[in-house]
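Listed below, chain by chain, are the residues.
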Amino acid sequence: MSLLTRFEEVAELLFTGPFRKKTARLQPVEIAKGLVKEMLRHKQVSISQVYVPNVYRIYLNPEDWSPLANFGETFLLELSKHLYLEGERYGYTFISKPLIELHADDSVSLREMIVEVAFDDSVEVSWGEQEDEVPDKQLWRDHTTLLQNGGQAVLAEERPDSRNLQYILEIIQGPDKGKKIILEGENIYIGRHTRCEFVLSDPEVSRRHVKLTRCEQGWLLEDLGSTNGTQVNDRRISRQLIGPGDRIQLGQCIVTIKQL
């Protein structure tokens, strides 16, 4: 019997009947169910496949996090397997086995669960045993379209190779107007959380609102399930390639990329 299955049996007893209200901490079965909900919420429909995120970062109150952290990698691998099987049951495709991360964050309320998701074809997860074949990551790399809301697509080959160019990200409108950052490294997180590379003060911006990922065609902008959404050139998106001149709206802030 798997660790997650044992958790679920115990947790179901806690969540039914008069003991439910006395449960002080977030239980493993709630985390597993929350991950499945995030997977379903962030699915991306391609021409012949439905893709779901393969990276899930969970942020918990330290009191919720501490008991789970004691199980180490075992619990995270159980969650990975559970999520993968649920995705298969729905007929969805992962670009790798799911990577689950568990973080303590004192800004998260007790029994609250905040999840960031991402599509990352560089992730490699080993379950430490013989497994069935998983979707080939090359299949994802070979796709020439990146999906966005409304069924529109941006052709990757339409963007020039800009990996060797330098850019800055600058706020041109909103509470943080004039603030800028040089785009260095592979990933830039933008939001109100102090751990983001580009921290905004706008209350309409989520704690971790978007992620910018450097790629061969430029920069891939990905909304991280923000409350108020993300727009590029007045169109709401979930994932889109962007470049110099594009206007990115996060809350009240308008952000653009400029080449140095």
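Structure first, text after, so check above.
The following refers to the structure shown.

Quick notes on the rules
- Residues numbered from 1 in each chain as written.
- Predicted model: local features only at pLDDT ≥ 70, side-chain atom pairs only at ≥ 80, totals over all residues.
- Heavy atoms only, no water.
- Helix = DSSP H or I, 4+ residues; strand = E, 2+ residues; numbered from the N terminus.
- Buried < 20%, exposed > 50% of the residue type's maximum accessible area, 1.4 Å probe, protein only.
- Contact = heavy atoms within 4.5 Å.
- Areas by Shrake-Rupley, 256 points an atom, 1.4 Å probe, with all protein chains shown as cover.
- Core = buried A, V, L, I, M, F, W, Y, C linked by side-chain atoms within 4.5 Å.
- Expected span 1.5 Å × (residues − 1).
- Phe/Tyr/Trp six-rings, centres within 6.5 Å; stacked < 30°, edge-to-face > 60°.
- Lys NZ or Arg CZ within 6 Å of the ring centre and 35° of its normal.

**Overview of the overall build of the protein**
Reasoning step 1: Of the regular secondary structure elements, the protein holds five helices and 18 strands.
Reasoning step 2: Taken across its 260 residues, the protein has 48% of its residues classed as buried.
Reasoning step 3: Looking at the protein alone, contacts between residues at least 24 apart form 62% of all its contacts between residues at least 6 apart.
Reasoning step 4: Of the roughly 13400 Å² of accessible surface on the protein, a fraction of 48% belongs to carbon and sulfur atoms.

**Considering the nonpolar core**
Reasoning step 1: One finds Ile31, Leu35, Tyr56, Ile58, Leu79, Leu83 and Ile100 to be the most contacted residues of the largest nonpolar core, which totals 27 residues.
Reasoning step 2: Counting only elements with at least two residues in this core, the list comes to helix 2 (28-41), strand 3 (55-60), helix 4 (73-90), strand 4 (99-104) and strand 5 (113-118).
Reasoning step 3: Ranked by size, the runner-up nonpolar core spans 22 residues in total, among them Leu169, Phe198, Val210 and Val255.

**Details of helix 2**
Spacing of three or four residues puts side chains on the same side of an α-helix, whose turn is 3.6 residues.
Reasoning step 1: With 14 residues, helix 2 extends 20 Å from end C-alpha to end C-alpha; this agrees with the ideal 20 Å at 1.5 Å per step.
Reasoning step 2: Those residues of helix 2 not exposed but buried are Pro28, Val29, Ile31, Ala32, Gly34, Leu35, Val36, Glu38 and Met39.

**As for the packing of aromatic side chains**
The geometry of an aromatic ring pair is captured by the separation of the ring centres together with the interplanar angle, meaning the angle of the planes.
Reasoning step 1: In total, this model carries three aromatic pairs according to the counting rule given.
Reasoning step 2: Centre to centre, the rings of Tyr84 and Phe94 are 5.5 Å apart; their planes meet at 35°, and the pair counts as tilted. Of the two residues, Tyr84 sits in helix 4 while Phe94 sits in the loop between helix 4 and strand 4, which places them 10 residues apart along the sequence.
Reasoning step 3: Ring geometry for Tyr84 against Trp127: centres 5.6 Å apart, planes inclined by 75°, an arrangement best described as edge-to-face. Residue Tyr84 is found in helix 4, and its partner Trp127 is found in the loop between strand 5 and helix 5 (137-142); the two are separated by 43 residues along the sequence.
Reasoning step 4: Here Tyr84 falls in the buried class, since its relative accessible area comes to 6%.
Reasoning step 5: Through a chain of ring-to-ring contacts, the aromatic side chains of Tyr84, Phe94 and Trp127 assemble into a single cluster.
Reasoning step 6: One Lys or Arg, Arg89, reaches over the ring of Tyr90 and ends 4.9 Å from the middle of that ring.

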